[in-house]
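Overview (structure and organization)
Here is how the chains run, residue by residue.
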Amino acid sequence: MAQRKDFRRIGVLLPSSSSAQEMDFGRALPPDITLHVARMRLNNVDAESTLRVVQEIETESQKLADVDVDVIIFPATAPSSRNGPGYDQELIKRISAASGKPATTASTALLEALRVLSIKRIALGAPWSATVNQSVTAFLQANGVEVLAQEALGIVRNLDIGFLDPQTAYDVGQRVNRPDADAVMLACGNWSTFDVIDRLERDLGKPVLTTNQVTLWHALKMMGTRPLDGLGVLLKRHLSAI
């Protein structure tokens, strides 16, 4: 019987309307790590939808277990922070209980990245509504992170977010940045940001974190993989193969 020895698998729980994440993750991953996706219903990034999307989390996690992934990620900041501090850990327990696999969420990964980088103060930019931004801000502040400034583009339909050019992420990052912010966070998984992280870090002179970047980093960290170039200081300097 053939055995899986030379490659590993990441399982991804995506909102059903996500259009950017598979492409960004797939381009970033080395050839020996493959991507396997399950979807949970979400069309709009609003309070009700970000809460309801996780109703399917057990069913879809079980499907990812069928392909024997090494880790399962839920790269969605708003849904994984929706119910305040500790909610991300509840979701991880649900995923792992259903699948038997280790797991992380975007919010969990963000908190870990902030800890590793010794970041206490951030500026937050996102394409969604100001209401959703406030919910994410409340989660961060409850976890000891100060949000000095924030900007939201006010887009509710997730498909529309997926159409945004990566330059919009760069522009928001420039506008929301503050001199006393330790880092800039660009939130929302369906916002394509990978192409601008390095450039924005160079221009701002500080770390730039994004939903997909921190989630990918945390998964690779859990798997014990080598550093990756092109996605900022987090993946370049804070990954090491076991």
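Just so we're clear, the structure is a prediction, and the values are computed from it rather than from any experiment.

**Notes on the pattern of salt bridges**
Tallied over the entire structure, the rule returns 13 salt bridges. The closest approach of N and O atoms between Glu 58 and Arg 94, which form a salt bridge, is 2.7 Å. In this pair, Glu 58 is assigned in helix 3 (residues 57-66) and Arg 94 in helix 5 (residues 87-99), connecting sequence segments 36 residues apart. Residues Glu 112 and Arg 115 are paired through a salt bridge, measuring 2.6 Å at the closest nitrogen-oxygen approach. You can see Glu 112 and its partner Arg 115 sitting in helix 6 (residues 106-116), 3 residues apart, about one turn around the helix.

**Some points on the nonpolar core**
Counting 63 residues, the largest nonpolar core has Ile 10, Leu 209 and Leu 216 as its most contacted members. In terms of residue count, the dominant contributor to this core is helix 11 (residues 211-223) (6 residues). Beyond its immediate chain neighbours, meaning those up to four positions away, Leu 209 contacts Leu 110, Ala 113, Leu 114, Leu 117, Ile 119, Val 184, Met 185, Leu 186, Val 214 and Leu 234. The next biggest cluster of nonpolar side chains, apart from the first, holds 17 residues, and it includes Val 53, Val 54, Ile 72 and Phe 74.

**Notes on the sheet that holds strand 7 (residues 183-186)**
Spatially, the 4 strands line up as an open sheet ordered 6-5-7-8, and their pairing is parallel. The open sheet is flanked by strand 6 (146-152) and strand 8 (208-210), the only strands paired with a single partner. Taken pair by pair, the neighbouring strands of this sheet meet at an average axis angle of 20°, ignoring direction. Of the strand pairs in this sheet, strand 5 (residues 121-126) and strand 7 are connected by 4 bridges, and their pairing is parallel. Following the sheet pairing, Leu 124 is matched in strand 7 by Met 185. Docked against the sheet, helix 7 (residues 130-142) engages strand 5 and strand 6, running at close to 165° with respect to strand 6.

**Details of unusual backbone geometry**
You will see that Asp 68, though not glycine, has its phi angle at about 60°, which is positive. Inspection of the secondary structure assignment puts Asp 68 in the loop between helix 3 and strand 3 (71-74). Using a relative accessible area of 35% as the deciding quantity, one classes Asp 68 as partly exposed. Phi is positive for Ser 118, which is not a glycine, with a value near 55°.

**With respect to the packing of helix 5 against helix 6**
Packed helices, taken two at a time, are described by the angle between their axes plus the distance between the axes. In contact at an axis separation of 8 Å, helix 5 and helix 6 are set at 125° when each is read in the N-to-C sense. Between helix 5 and helix 6, the interaxial angle falls into the category oblique. The handedness of the crossing between helix 5 and helix 6 is left-handed. Packed against helix 5, whose contacting residues are Asp 88, Gln 89 and Ile 92, the element helix 6 presents Ser 107, Thr 108 and Leu 111 at the interface.

**Quick look at the packing of helix 3 against helix 5**
Two elements in contact, helix 3 and helix 5, have axes whose closest approach is 8 Å; the angle formed by their N-to-C orientations is 50°. It follows that helix 3 is oblique to helix 5 by the angle criterion. In the packing of helix 3 onto helix 5, the handedness of the crossing is right-handed. Here Ile 57, Glu 58, Ser 61, Gln 62 and Ala 65 of helix 3 lie close against helix 5, whose contacting residues are Leu 91, Arg 94, Ile 95, Ala 98 and Ser 99. Residue composition of the contact of helix 3 with helix 5, by class: 5 nonpolar, 3 polar and 2 charged.

**Side note on the sheet that holds strand 4 (residues 103-105)**
The 4 strands are arranged 2-1-3-4 in an open sheet whose pairing can be described as parallel. Only two strands of the sheet have a single neighbouring strand rather than two, namely strand 2 (33-40) and strand 4. Ignoring which end each strand starts from, the neighbouring axes of this sheet average 20° apart. Pairing of strand 3 with strand 4, which is carried by 3 bridges, proceeds in the parallel orientation. Following the sheet pairing, Ile 72 is matched in strand 4 by Ala 103. Taken strand by strand, helix 5 contacts strand 1 (8-15), strand 3 and strand 4, and its axis lies near 150° from that of strand 4.

Rules used throughout
Residues numbered from 1 in each chain as written. Predicted model: local features only at pLDDT ≥ 70, side-chain atom pairs only at ≥ 80, totals over all residues. Heavy atoms only, no water. Salt bridge = Lys/Arg side-chain N within 4 Å of Asp/Glu carboxyl O. Helix = DSSP H or I, 4+ residues; strand = E, 2+ residues; numbered from the N terminus. Core = buried A, V, L, I, M, F, W, Y, C linked by side-chain atoms within 4.5 Å. Buried < 20%, exposed > 50% of the residue type's maximum accessible area, 1.4 Å probe, protein only. Contact = heavy atoms within 4.5 Å. Pairing = 2+ DSSP bridges. Axes fitted to C-alpha atoms, helices over the stretch in contact; angles between N-to-C directions. Parallel < 35°, antiparallel > 145°, perpendicular 65-115°, else oblique. Left-handed = near helix turned anticlockwise from the far one by under 90°. Nonpolar A, V, L, I, M, F, W, Y, C, P; charged D, E, K, R; others polar.

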